[in-house]
Amino acid sequence: MSVNKEVKRITVHTLQEMKNRGDKIAMLTAYDYSMALIVDNAGTDIILVGDSASNVMAGHETTLPITLDQMIYHAASVVRAAKRSLVVVDLPFGSYQGNSKEALASAIRIMKEAGAHAVKLEGGVEIAESISRILTAGIPVMGHLGLTPQSIYKFGTYTVRAREDAEAAKLKEDALKLQELGCFGIVLEKIPSKLAKEVSESLNIPTVGIGAGQHCSGQVLVIHDMLGLNKGFKPRFLRQYANLYDVMDGAIKNYVSDVRANNFPNEKEEY
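Nothing here was measured: the structure is a model prediction, and the numbers come from that model. (Residues numbered from 1 in each chain as written. Predicted model: local features only at pLDDT ≥ 70, side-chain atom pairs only at ≥ 80, totals over all residues. Heavy atoms only, no water.)

J.: Requested: an account of the overall build of the chain, with residues and values cited.
T.: What the chain contains, in helices and strands, is 11 helices and eight strands. Relative to its length of 271 residues, the chain is compact, with a C-alpha radius of gyration of 20 Å against a globular reference of 18 Å. Here the C-alpha coordinates of the chain stretch approximately 70 × 50 × 35 Å along the principal axes. With 271 residues in all, the chain has 46% of them scored as buried. When contacts within the chain are restricted to residue pairs at least 6 apart in sequence, those whose partners lie at least 24 apart make up 59%. Here the chain has roughly 14500 Å² of accessible surface; of this, 52% comes from carbon and sulfur atoms. The centroid of the 30 positive side-chain charges in the chain is displaced by 4 Å from the centroid of its 31 negative side-chain charges. (Helix = DSSP H or I, 4+ residues; strand = E, 2+ residues; numbered from the N terminus. Rg over C-alpha atoms; globule rule 2.2 N^0.38 Å. Buried < 20%, exposed > 50% of the residue type's maximum accessible area, 1.4 Å probe, protein only. Contact = heavy atoms within 4.5 Å. Areas by Shrake-Rupley, 256 points an atom, 1.4 Å probe, with all protein chains shown as cover. Lys, Arg positive; Asp, Glu negative; His and termini not counted. Charge placed at Lys NZ, Arg CZ, Asp CG, Glu CD.)

Okay, here's the thing in structure tokens:
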């Protein structure tokens with residue numbers, strides 16, 4: 001007789017316990033059922049349904065074009081696969097900035113229609129009202145500071161943020177504000193390692209870094225980047241754990257060759 005072993009779901013409380021113990025948090029992106037199934041089964045703590053889907057899934061230059069409906073579609077696909085991981089979903093550009101009522105409505109749609117466990121918003125004190133309103137509805141919120149891709153046209157570049165004292169001071173202030181508001185964690189993207197260490201040590205909540213050094217409570221990467229599916233994208237912070245582009249390229253070429261040579265299917269592959 002088979003016994004179904006119950007999988008314990010990661011929660012925001014679990015993440016806080018990990019932070020308190022000094023256990024590192026592993027976070028990866030996923031945008032579809034098949035990939036999320038693998039990421040979840042591998043023991044990843046958080047699956048981020050990032051607005052980076054705009055880049056890697058839809059081929060856009062920035063994250064700005066992706067819509068709330070599209071984010072819900074991707075998130076619902078991931079939630080159906082994730083049995084253990086906490087699923088965090090980005091609120092896309094235009095769905096929360098400057099209008100806290102719209103922010104709440106967007107977050108509620110993601111939670112109800114996709115079945116997500118939390119949402120993530122980019123920005124600091126300037127979006128405090130939106131964060132507060134979402135939290136009052138009982139929806140967990142993760143912050144995001146440093147390089148915030150939704151503001152790429154404001155920055156004009158994807159280079160490291162907060163090197164200058166004024167921007168570093170604002171980031172520290174924003175991080176404390178996000179904690180005060182009630183965020184359960186903060187992503188720190190592409191900032192100096194020393195600053196990330198200072199911020200992480202000043203907070204009680206976990207920080208998750210991407211290009212922010214080893215002193216954060218955890219790390220996150222885009223799954224397509226760490227698996228080598230994006231040919232030629234190799235920023236300094238990225239450790240590529242596989243080269244699936246070449247593996248898949250070779251497999252597809254072999255398939256095409258076999259079909260054209262009438263070697264596939266063979267007699268053993270017929271009915």
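What follows continues from the structure just given.
J.: Which residues make up the environment of Q97, and what are the values?
T.: For Q97, the position within the fold is in the loop between β3 (86-90) and α5 (100-114). Accessibility expressed as a relative area gives 30% for Q97, which makes it partly exposed. The spatial distance from the C-alpha of Q97 to the C-alpha of A128 is 9.9 Å, given a sequence separation of 31 residues. Here Q97 is in contact with P92 and Q150, once residues within four sequence places are set aside. Within the structure, the side chain of Q97 is placed 3.5 Å from the side chain of Y96, a separation counted as a polar contact. (Polar contact = N/O pair within 3.5 Å; in protein donor to acceptor, adjacent residues only side chain to side chain.)

J.: Tell me what's going on with the packing of helix α6 (residues 128-136) against helix α8 (residues 165-181), and back it up with residues and numbers.
T.: It is at 10 Å that the axes of α6 and α8 come closest, and there the two elements cross at 25 degrees. The angle between α6 and α8 places the two elements in the roughly parallel class. Considering the relative orientation of α6 and α8, their crossing is right-handed. For the pair formed by α6 and α8, the contact residues are A128, I131, S132 and L135 on the first element and K177, L178 and L181 on the second. Partitioned by chemical class, the residues of the contact of α6 with α8 number five nonpolar, one polar and one charged. (Axes fitted to C-alpha atoms, helices over the stretch in contact; angles between N-to-C directions. Parallel < 35°, antiparallel > 145°, perpendicular 65-115°, else oblique. Left-handed = near helix turned anticlockwise from the far one by under 90°. Nonpolar A, V, L, I, M, F, W, Y, C, P; charged D, E, K, R; others polar.)

J.: Any details on α5? Residues and values, ideally.
T.: Between its first and last C-alpha atoms α5 spans 21 Å; for 15 residues at 1.5 Å apiece the expected length is 21 Å, and the two agree. Of the residues making up α5, those classed as buried are S100, A103, L104, S106, A107, I110 and A114. Buried residues of α5, viewed axially, fall in a sector of 165 degrees; they line one side. Turned more than 90 degrees off the buried face of α5, the exposed positions are K101 and K112. Against the buried residues of α5 lie α4 (68-81), β3, β4 (118-120) and α6. Its side-chain oxygen placed 3.1 Å from the backbone nitrogen of K101, N99 serves as the N-cap of α5. (Expected span 1.5 Å × (residues − 1). Arc of directions from axis to C-beta.)

J.: Go over a nonpolar patch on the surface, please, and point to the residues and values.
T.: A grouping of V247, M248 and I252 is seen on the molecular surface, where their side chains present a nonpolar patch of about 290 Å² in accessible area. Mapped onto the secondary structure, M248 falls in helix α11 (residues 244-260). (Patch = residues over 30% accessible without salt bridge, like charges linked within 9 Å, V, L, I, M, F, W, Y side chains within 5 Å. Salt bridge = Lys/Arg side-chain N within 4 Å of Asp/Glu carboxyl O.)

J.: Run through the side chain of H74, naming residues and quoting values.
T.: With respect to the helices and strands, H74 occurs in helix α4. Sequence-distant contacts of H74, defined by excluding residues within four places in its chain, comprise Y31, V49, A53, M57 and I66.

J.: Can you explain the pairing of strand β7 (residues 207-210)? Please cite residues and give values.
T.: On β7, burial covers both faces: T207 and G209 on one face and V208 and I210 on the other are all buried. In the sheet, strand β6 (residues 185-189) pairs with β7 via four bridges, with the strands oriented parallel. Counterpart to V187 in the pairing with β7 is V208. Note on the crossover from β6 through helix α9 (residues 193-202) to β7: the handedness is right-handed. By the bridge criterion, two bridges tie β7 to strand β8 (residues 218-221) in an arrangement that is parallel. Paired with G209 across the strands is Q219, a residue of β8. (Pairing = 2+ DSSP bridges. Right-handed = clockwise from strand over helix to strand, strands pointing away.)

J.: Just give me the short version of the sheet that holds strand β1 (residues 25-29), but keep the residues and values in it.
T.: In spatial order, the strands read β1-β2-β3-β4-β5-β6-β7-β8; together these eight strands close into a barrel with parallel pairing. The average undirected angle you get between the axes of adjacent strands in this sheet is 25 degrees. Note: strand β2 (residues 46-49) against β3, four bridges, orientation parallel. Within β3, the residue paired with V49 across the bridge is V89. With respect to the sheet, α8 is in contact with β5 (141-146) and β6, its orientation differing from that of β5 by roughly 175 degrees.

J.: I'd like a rundown of the pairing of β1, residues and numbers included.
T.: Counting buried positions over the five residues of β1 gives four, a clear majority of the element. Strand direction decides the pairing type here: β1 and β8, joined by four bridges, are parallel. Residue pairing across strands places A26 opposite Q219, the latter belonging to β8. Where β1 lies against β2, three bridges are found, and the strand directions are parallel. Looking at β2, one finds that T29 is bridged to L48. Crossover connection from β1 via helix α2 (residues 33-41) to parallel β2: handedness right-handed.

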